[in-house]
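Next come the chains, spelled out residue by residue.
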Amino acid sequence: MTDNNCCCSSVVGIFPCSGGSNVGQLANQAAIEMTKNGKGNMMCTVGIGGRIAGLMKSAEGVDEIVAIDGCPLNCAKKTLKNAGIDVNEHVIITELGIKKNKDLDLKQEQVNEVLEKINS
């Protein structure tokens, strides 16, 4: 993502999937944690899909776009692409070794695992 040794600052927009599965919610939680940790700004993926003018303008004003999808359906990335927004980095949670299921009770260990793999 961004180079922490650079004297310049770039604005990173983080667009997560928020799907109805563990991996969708892990994508969302990872975006929250990344924002809290100063790795970028979580932005509204659904608003991009709805073509909300202010949210589209916000997305167009960032230097780098990160899409975090839960599974290979790639809803976040496709939403951005359909809106004409290029994705610079794309993460798919299931490709990190986490199986998709309907358990929405996230475990902090899994969130930490996702963050570690995204940041490596």
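Our structure is the block above this text.
Keep in mind it's a predicted model, so treat the numbers as computed, not measured.

Draft legend 1. How the structure looks around the overall build of the chain. When you go through the chain residue by residue, the secondary structure sums to five helices and four strands. Listing each helix as α and each strand as β along the chain from the N terminus yields β-α-β-α-α-β-α-β-α. Taking 120 residues into account, the globule formula puts the C-alpha radius of gyration at 14 Å, and the chain, at 14 Å, falls close to it. Within the chain, the fraction of its 120 residues that count as buried is 40%. Taking all contacts inside the chain whose residues are at least 6 apart in sequence as the whole, residues at least 24 apart take part in 63%. Summed over all atoms, the accessible surface of the chain reaches about 6,700 Å², with 49% contributed by carbon and sulfur. Distance between charge centroids for the chain: 7 Å, based on 12 positive and 14 negative side chains.

Draft legend 2. Region of interest: unusual backbone geometry. If you check the backbone angles, Arg51 has positive phi at about 55° while not being a glycine. Tracing the sequence through the fold places Arg51 in the loop between α2 (45–49) and α3 (53–60). Given the relative accessible area of 42%, Arg51 is considered partly exposed. Unlike most non-glycine residues, Asn74 shows phi in positive territory, near 55°. Inspection of the secondary structure assignment puts Asn74 in the loop between β3 (64–69) and α4 (75–82). Residue class for Asn74 comes out buried when judged on its relative accessible area of 18%.

Draft legend 3. Expanded view of helix α5 (residues 108–119). Helix length check: α5, at 12 residues, gives a terminal C-alpha distance of 16 Å against a target of 16 Å (1.5 Å per residue), a fit within 8%. For α5, the set of buried residues is Val111, Val114, Leu115 and Ile118. All buried residues of α5 project into a common sector of 100° when viewed along the axis, lining one side. Exposed positions of α5 whose direction lies more than 90 degrees from the buried face are Glu109 and Glu116. Turning to α5, the residues buried within the fold contact α1 (22–36), β3 and β4 (89–92).

Draft legend 4. Region of interest: the state of the cysteines. Considering all chains together, one arrives at zero disulfides under this definition. Of all cysteine sulfurs, the one in Cys17 lies closest to Cys75, which takes part in no disulfide; the gap is 5.8 Å.

Draft legend 5. Representation of the sheet that holds β4. Within the open sheet, the four strands sit side by side as β2-β1-β3-β4. Their pairing is parallel. For this open sheet the edge positions go to β2 (41–42) and β4, each flanked by a neighbour on one side alone. Against the sheet, α1 engages β1 (12–16), β2 and β3, with an angle of about 155° to β1.

Calculation criteria
Residues numbered from 1 in each chain as written. Predicted model: local features only at pLDDT ≥ 70, side-chain atom pairs only at ≥ 80, totals over all residues. Heavy atoms only, no water. Helix = DSSP H or I, 4+ residues; strand = E, 2+ residues; numbered from the N terminus. Rg over C-alpha atoms; globule rule 2.2 N^0.38 Å. Buried < 20%, exposed > 50% of the residue type's maximum accessible area, 1.4 Å probe, protein only. Contact = heavy atoms within 4.5 Å. Areas by Shrake-Rupley, 256 points an atom, 1.4 Å probe, with all protein chains shown as cover. Lys, Arg positive; Asp, Glu negative; His and termini not counted. Charge placed at Lys NZ, Arg CZ, Asp CG, Glu CD. Expected span 1.5 Å × (residues − 1). Arc of directions from axis to C-beta. Disulfide = S-S within 2.5 Å. Pairing = 2+ DSSP bridges. Axes fitted to C-alpha atoms, helices over the stretch in contact; angles between N-to-C directions.

Remember that the coordinates give geometry; whether it matters functionally is a separate question.
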